[in-house]
Amino acid sequence: MVNSNANQRSTAPAPAAAPVGAGDCVSASGTAADCGSGDSAYRVSSTVGGGSSCPSDSDRSITQALPGGARDKLCMDTDWEVGRCMSMSGGSATPVDCSDSAPGLVRVQSINHGTSDVNTCTDANHGVVYQQRHFVVCVAQK
């Protein structure tokens, strides 16, 4: 499975709140959230300024307003957490409770860095490949 949602872009600025940075998590609307929580949909992988672009395999990017009127772009991936369940219906990953009967329900088994080979997912039956940044999220159907 390849990251089919790569390059989802939003031109709407993130809400003006305390700026978030790499490693922080945000809700689907772009507000800060605790990583792995029910509100967290994305983890910021990097920020870029000006007219720079996010990596092509980022799941989403949004623009955030900074103090003083500057703006930067948040490059985000799904907030993958080992043990977390996701609904993979519609080609995107949405966090869900593991007891749900959501369509396409999977549980994250591992996150393998330094590779873009889905065959590294030995304990799972699917993987989401981030080709440019060389990591694979291994998931098993629940």
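Look above for the structure.
Let me sum up the structure you'll find in this document.

So, how was this worked out
- Residues numbered from 1 in each chain as written.
- Predicted model: local features only at pLDDT ≥ 70, side-chain atom pairs only at ≥ 80, totals over all residues.
- Heavy atoms only, no water.
- Pairing = 2+ DSSP bridges.
- Helix = DSSP H or I, 4+ residues; strand = E, 2+ residues; numbered from the N terminus.
- Axes fitted to C-alpha atoms, helices over the stretch in contact; angles between N-to-C directions.
- Phe/Tyr/Trp six-rings, centres within 6.5 Å; stacked < 30°, edge-to-face > 60°.
- Buried < 20%, exposed > 50% of the residue type's maximum accessible area, 1.4 Å probe, protein only.

In this section: the pairing of strand 4 (residues 42-49). Consecutive residues of a regular strand have side chains that alternate between opposite faces of the sheet. Of the strand pairs in this sheet, strand 2 (residues 25-26) and strand 4 are connected by 2 bridges, and their pairing is antiparallel. When the bridges of strand 4 are listed, V26 appears paired with Y42. With 7 bridges connecting them, strand 4 and strand 6 (residues 71-78) associate as antiparallel partners. Note that in strand 6 the partner of V48 across the bridge is K73.

Turning our eyes to something else, we now look at unusual backbone geometry. For H134, which is not a glycine, the phi torsion comes out positive at approximately 55°. The topology assignment puts H134 in the loop between strand 10 (126-130) and strand 11 (135-141).

If you trace the 5 strands from one edge of the open sheet to the other, you get 8-7-9-11-10, paired in antiparallel fashion. The open sheet has two edge strands with one neighbour each: strand 8 (94-96) and strand 10. When the angles between neighbouring strand axes are averaged without regard to direction, this sheet yields 40°.

A separate point is the packing of aromatic side chains. Within this structure, the stated rule accounts for 1 aromatic pair. Relative to F135, the ring of Y130 has its centre 4.3 Å away and its plane inclined at 5°; by these criteria the two rings are stacked. Neither residue differs from the other here; Y130 and F135 are each classed as buried.

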